Amino acid sequence: MNRTSWRRDGPPAESITRARTGLSEDVRGRQRRYVAAMLVRSACVVLMALTWNRWPVVAVGALVGGVVIPYVAVVVAQAGWRQQRGARPELARTVAEPETRVVLEPTLILPPEREA
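Given the structure is predicted, the values throughout are model-derived calculations rather than measurements.

Cut-offs applied
Residues numbered from 1 in each chain as written. Predicted model: local features only at pLDDT ≥ 70, side-chain atom pairs only at ≥ 80, totals over all residues. Heavy atoms only, no water. Helix = DSSP H or I, 4+ residues; strand = E, 2+ residues; numbered from the N terminus. Buried < 20%, exposed > 50% of the residue type's maximum accessible area, 1.4 Å probe, protein only. Contact = heavy atoms within 4.5 Å. Patch = residues over 30% accessible without salt bridge, like charges linked within 9 Å, V, L, I, M, F, W, Y side chains within 5 Å. Areas by Shrake-Rupley, 256 points an atom, 1.4 Å probe, with all protein chains shown as cover. Salt bridge = Lys/Arg side-chain N within 4 Å of Asp/Glu carboxyl O. Core = buried A, V, L, I, M, F, W, Y, C linked by side-chain atoms within 4.5 Å.

Draft legend 1. Looking closely at the overall build of the protein. Within the protein, the regular secondary structure consists of 2 helices and 0 strands. Counting across all 116 residues of the protein, residues that qualify as buried make up 13%. A sequence separation of at least 24 residues applies to 69% of the contacts in the protein between residues at least 6 apart.

Now the structure itself:
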């Protein structure tokens, strides 16, 4: 009996949709990037503490890294979601027709008639 394996030996199939990744997968990826950046920041703080008296230039560099990395981590974590969306399809442009002007003729306004 010949069994066909479910695995393909060739390259993966191309996606025909522009569907984004699932929300849970997206959040998990952003959390991983953020945690990795915070680990690097923690290493910078430890490096700064260890080198403050011996190599002040390295310590100041580590201090700058410890201050800048949180901002960069947040920006990078949020930017990943926007990049996955891809380019937005261009909306159909409607040609605006010029508005027709209504020319009003001057009218005479009379006061209400009084009953005598």
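Draft legend 2. How the structure looks around a nonpolar patch on the surface. On the surface, a nonpolar cluster with roughly 910 Å² of combined accessible area is contributed by W52, V60, L63, V64, V67, V68, Y71, V72, V75 and V76. Inspection of the secondary structure assignment puts V76 in helix α2 (residues 56-85). Relative accessible area serves as the criterion here: at 42%, V76 is assigned to the partly exposed category.

Draft legend 3. A look at the nonpolar core. Core analysis: the largest hydrophobic core is formed by 8 residues, namely A37, M38, C44, M48, A59, A62, I69 and A73. With near-sequence residues (within four places) excluded, I69 lies in contact with A37, M38, V40, R41 and C44.

Draft legend 4. Quick peek at the side chain of T51. Relative to the helices and strands, T51 is located in helix α1 (residues 23-51). Apart from the residues within four sequence positions on either side, T51 is in contact with P56, V58 and A59.

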